[in-house]
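What follows is each chain in one-letter form.
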Number of protein chains: 2
Amino acid sequence: MPSEAVDDYLKAIYEIAGDEGRASTASLARKLSVAPASVTGMLQKLAQRKPAPVQYQKHRGARLSEHGKLRALEVIRHHRLIELFLHRVLGYSWDEVHDEAERLEHAISEQLEDRIAERLGNPEVDPHGHPIPRKDGSIPTRRDMSLLEAFVGSETTVSRVSDSNPEMLRYLAGLGISPGTKIKLTGRAPFDGPLTLEIGNSRKKQALGPTVAGEIRVTPPLNGKGKG
Amino acid sequence: MPSEAVDDYLKAIYEIAGDEGRASTASLARKLSVAPASVTGMLQKLAQRKPAPVQYQKHRGARLSEHGKLRALEVIRHHRLIELFLHRVLGYSWDEVHDEAERLEHAISEQLEDRIAERLGNPEVDPHGHPIPRKDGSIPTRRDMSLLEAFVGSETTVSRVSDSNPEMLRYLAGLGISPGTKIKLTGRAPFDGPLTLEIGNSRKKQALGPTVAGEIRVTPPLNGKGKG
DNA sequence: TCCAAAGTTTAGGTCGCCCTAAATTATGAT
DNA sequence: ATCATAATTTAGGGCGACCTAAACTTTGGA
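The rules behind these values
- Residues numbered from 1 in each chain as written.
- Chains lettered and ligands numbered in written order.
- Predicted model: local features only at pLDDT ≥ 70, side-chain atom pairs only at ≥ 80, totals over all residues.
- Heavy atoms only, no water.
- Near = heavy atom within 4 Å.
- Polar contact = N/O pair within 3.5 Å; in protein donor to acceptor, adjacent residues only side chain to side chain.
- Helix = DSSP H or I, 4+ residues; strand = E, 2+ residues; numbered from the N terminus.
- Nonpolar A, V, L, I, M, F, W, Y, C, P; charged D, E, K, R; others polar.
- Contact = heavy atoms within 4.5 Å.
- Buried area = accessible area lost by both parts, 1.4 Å probe.
- Salt bridge = Lys/Arg side-chain N within 4 Å of Asp/Glu carboxyl O.
- Pairing = 2+ DSSP bridges.
- Axes fitted to C-alpha atoms, helices over the stretch in contact; angles between N-to-C directions.
- Expected span 1.5 Å × (residues − 1).
- Buried < 20%, exposed > 50% of the residue type's maximum accessible area, 1.4 Å probe, protein only.
- Parallel < 35°, antiparallel > 145°, perpendicular 65-115°, else oblique.
- Left-handed = near helix turned anticlockwise from the far one by under 90°.
- Least-squares fit on C-alpha atoms with pLDDT ≥ 70 in both.
- Arc of directions from axis to C-beta.
- Core = buried A, V, L, I, M, F, W, Y, C linked by side-chain atoms within 4.5 Å.

Draft legend 1. Up close: the protein's contact with DNA strand D. Close to DNA strand D lie 20 residues; Ser3, Ala35 and Ser38 of chain A together with Ala26 and Tyr56 of chain B are nearest. Within the side chain of Ser3 of chain A, one N or O atom sits 2.7 Å away from a phosphate oxygen of DNA strand D. Here a phosphate oxygen of DNA strand D and a side-chain polar atom of Thr40 of chain B are 2.8 Å apart. For the surface near DNA strand D, the secondary structure elements donating two or more residues are helix H1 (4-17) and helix H3 (36-47) of chain A together with helix H2 (25-32) and helix H3 (36-47) of chain B. Per-element accounting of the surface near DNA strand D gives the leading share, 4 residues, to H3 of chain B. Counted by class, the surface near DNA strand D contains 10 nonpolar, 9 polar and 1 charged residues.

Right under this line is the structure:
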């Protein structure tokens, strides 16, 4: 069994670079709040385990092996199942689940993972709308796009929001924005300015800075995608 | 926050010696599967923390301080709440809960502890019949006694069984013995021989070795206690 | 094309928790 | 009261994951 530290590295690589790309030493150091030198050391060790969860080349960062990719997805599956479980079964609000899940994801057994999934009806998305990887490592997909790329005038549905910033989550909740909320994009200021939207059934217009908007993904009701 | 290792030491001291007595270096080494020398080293360090969770004197083992006692009870509270939660909410059988709880007890937050307790209706005993310490460190009490000390001929109710041996738990479950089961003690062989009993409503007699019987505690229906 | 800034690696070290082997101290049976 | 045996402690290390400081590559803009 990999240690918590190793799991954190694999998850970080996956979140930075997906299952194909490379994650640089510096980006991992930032994400893990660890000195770059520590990252180099850890990656070197991981790369010569058998089976090796990562491939590593000097100055070119790390890439997940098939083995490492599956482990990363398993940990992410744990995380998201736990988030949903805390939300549905224990009444956590969506801004409270992340930190708790961060610790529990390392502590649950395969059996508990299965029972939680079963109890939740084998769900495909967590409370923030992120897909929950399946046991075989495949990922439920939906067509969605960044709110930043939506056409002005289109009516869309929020599919997911970033999960790791509780403050932003509370802000969004305050605006009534969560997965499933309908959003009509009514305007876009030039040069990365704020967007204006109508949220849900309210007629009120709301401006949203580009940073926040970039964390929101939406599915259009029917039509395609593109920048308006 | 104490580390997992420290929590394990405190819990072990509590389980060996309670909140008053001393636990010897050797007994801790056995319980924790660690070399005696490691125990000595750890106890010496713990004794000079501030606040110190244990008091330590050469050759006389360790004793919990008030601070350490409260922490030990908190961890035990976690453990037993988790056991009951796994049993009630996720369908675990009682022989499956211990190992899972052993890992989770270190990972849950105060908040999760509270939500679990609330969800379970602030229970006082776990699936094995062990009392769940309250948040203030007090312990729900019931009058009960070892089955070994019960009168021959008395009709009693099982109040609790040891939790840490899954094999024994499955054996007992196979016999139909769990907290709440009625037991009539029909005979006792001399010199630590087996007991004979009638279990529940069945008329069948069952012999039980003294080791197993020692792990079972019972509450008599009305009358006092004593050896028959 | 060159070179400063950014990124990366090496070297040397810390801390927590564990180990074995050897020395010491306590205990209780005679 | 003695002394073998059991319990405990000391000494000297190991390993995993982290650190800083200093040296070294790589890269992209002038």
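Draft legend 2. Highlighting the interface of chain B and chain A. Contact residues are listed per partner, giving 18 residues for chain B and 18 residues for chain A. Both faces considered, chain B and chain A share a buried interface measuring about 1,600 Å² in area, 53% of it formed by carbon and sulfur atoms. Measuring nitrogen to oxygen at the nearest pair gives 3.5 Å for the salt bridge that ties Arg115 of chain B to Glu96 of chain A. Linking chain B with chain A are 12 residue pairs in polar contact (both at pLDDT 80 or more). Of all the secondary structure elements, the ones that give two or more residues to the side of chain B that touches chain A are helix H4 (66-90), helix H5 (97-104) and helix H6 (110-119) of chain B. Looking at which element gives the most residues to the side of chain B that touches chain A, the answer is H6 of chain B, with 5 residues.

Draft legend 3. View of the sheet that holds strand E4 (residues 155-161) of chain A. Residue and element names in this part refer to chain A. The 6 strands are arranged E3-E8-E4-E5-E6-E7 in an open sheet whose pairing can be described as antiparallel. This sheet does not close on itself; its edge strands, each paired only once, are strand E3 (145-146) and strand E7 (205-208). For E4 and strand E8 (residues 216-219), the ladder comprises 4 bridges, and the chain directions are antiparallel. Looking across to E8, one finds that Val158 is bridged to Val218.

Draft legend 4. Local environment of the protein's contact with DNA strand C. In the neighbourhood of DNA strand C, 20 residues make up the surrounding shell, with Ala26 and Tyr56 of chain A together with Ser3, Ala35 and Ser38 of chain B lying closest. Atoms of DNA strand C within 4 Å of the protein belong to the sugar or the phosphate in 78% of instances, the rest to bases. A distance of 3.1 Å separates a phosphate oxygen of DNA strand C from a polar side-chain atom of Gln44 of chain A. Here a phosphate oxygen of DNA strand C and a side-chain polar atom of Tyr9 of chain B are 3.3 Å apart.

Draft legend 5. Highlighting the sheet that holds strand E6 (residues 195-199) of chain B. All names here are of chain B. Taken in spatial order, the 6 strands make up an open sheet running E3-E8-E4-E5-E6-E7, and their pairing is antiparallel. The open sheet has two free edges, formed respectively by strand E3 (145-146) and strand E7 (205-208), since each of these has just one partner strand. Of the strand pairs in this sheet, E6 and E7 are connected by 4 bridges, and their pairing is antiparallel. Note on E7: the bridge partner recorded for Leu195 is Leu208. Along the sheet, helix H7 (residues 166-175) makes contact with strand E4 (155-161), E6, E7 and strand E8 (216-219), crossing E7 at roughly 165°.

Draft legend 6. Just H1 of chain A, in detail. All names here are of chain A. The terminal C-alpha atoms of H1 lie 20 Å apart, and with 14 residues this matches the ideal 20 Å at 1.5 Å per residue to within 8%. Listing the buried residues of H1 in full gives Val6, Asp7, Tyr9, Leu10, Lys11, Ala12, Ile13, Tyr14 and Ala17. On its buried face, H1 is in contact with helix H2 (25-32), H3, strand E1 (54-56), strand E2 (62-64), helix H4 (66-90) and helix H5 (97-104). One or two residues past the end of H1 sits Gly18, with phi positive at roughly 70°.

Draft legend 7. Main features of the side chain of Asp7 of chain A. All names here are of chain A. Secondary-structure assignment places Asp7 in helix H1. Of the polar contacts made by the side chain of Asp7, one reaches the side chain of Arg71; its length is 2.6 Å. Apart from residues lying up to four places away in sequence, Asp7 is in contact with Pro2, Arg71, Val75 and His106.

Draft legend 8. Expanded view of the packing of H4 of chain A against H5 of chain A. All names here are of chain A. Where H4 meets H5, the axes come as close as 9 Å, and the angle between the chain directions of the two elements is 130°. If you check the angle between H4 and H5, you find them oblique. Considering the relative orientation of H4 and H5, their crossing is right-handed. Mapping the contact onto sequence places His79, Ile82, Glu83, Leu86 and His87 in H4 and Val97, His98, Glu100, Ala101, Glu102 and Leu104 in H5.

Draft legend 9. Representation of the relation of the copies chain B and chain A within the structure. Least-squares fitting of chain B to chain A yields an RMSD of 0.1 Å, with the superposition described by an axial translation of 0.0 Å and a rotation of 180°. Such a turn and shift between the copies fits a two-fold axis. Both copies contact each other with a shared surface, as 100% of the interface residues of chain B are interface residues in chain A too.

Draft legend 10. Structural detail: the pairing of E6 of chain B. Residues and elements named next belong to chain B. For E6, a buried count of 4 out of 5 residues is recorded, marking the element as mostly surrounded by other parts of the structure. Looking at chain direction, strand E5 (residues 182-188) and E6 are connected through 5 bridges and run antiparallel. Bridging from a neighbouring strand, Arg188 pairs with Leu195 of E6. As consecutive antiparallel partners, E6 and E7 are separated by 5 residues, and within that stretch Gly200 has a phi angle of approximately 60°, a positive value.

Draft legend 11. Geometry of H6 of chain B. Those residues of H6 of chain B that fall on the buried side of the exposure criterion are Leu112, Glu113, Ile116 and Ala117 of chain B. Considered in projection along H6 of chain B, the buried side chains sweep an arc of 135° and stay on one side of the axis. Of the surrounding elements, those touching the buried residues of H6 of chain B are H4 and H5 of chain A together with H4 of chain B. Note on H6 of chain B: the residue one or two positions beyond its end, Gly121 of chain B, has a positive phi of about 75°.

Draft legend 12. View of the nonpolar core. Judged by nonpolar contacts, the single largest core of 36 residues is most densely connected at Phe85, Leu90 and Leu112 of chain A together with Phe85, Leu90 and Leu112 of chain B. Only H4, H5 and helix H6 (110-119) of chain A together with H4, H5 and H6 of chain B provide two or more residues apiece to this core. In this structure Phe85 of chain B touches Phe85, Val89 and Leu90 of chain A together with Leu90, Ile116, Arg119 and Leu120 of chain B, once residues within four positions along its chain are discounted. Grouped together as the second largest cluster of nonpolar side chains are 21 residues, Leu10, Ala17, Val39 and Ala62 of chain A included.

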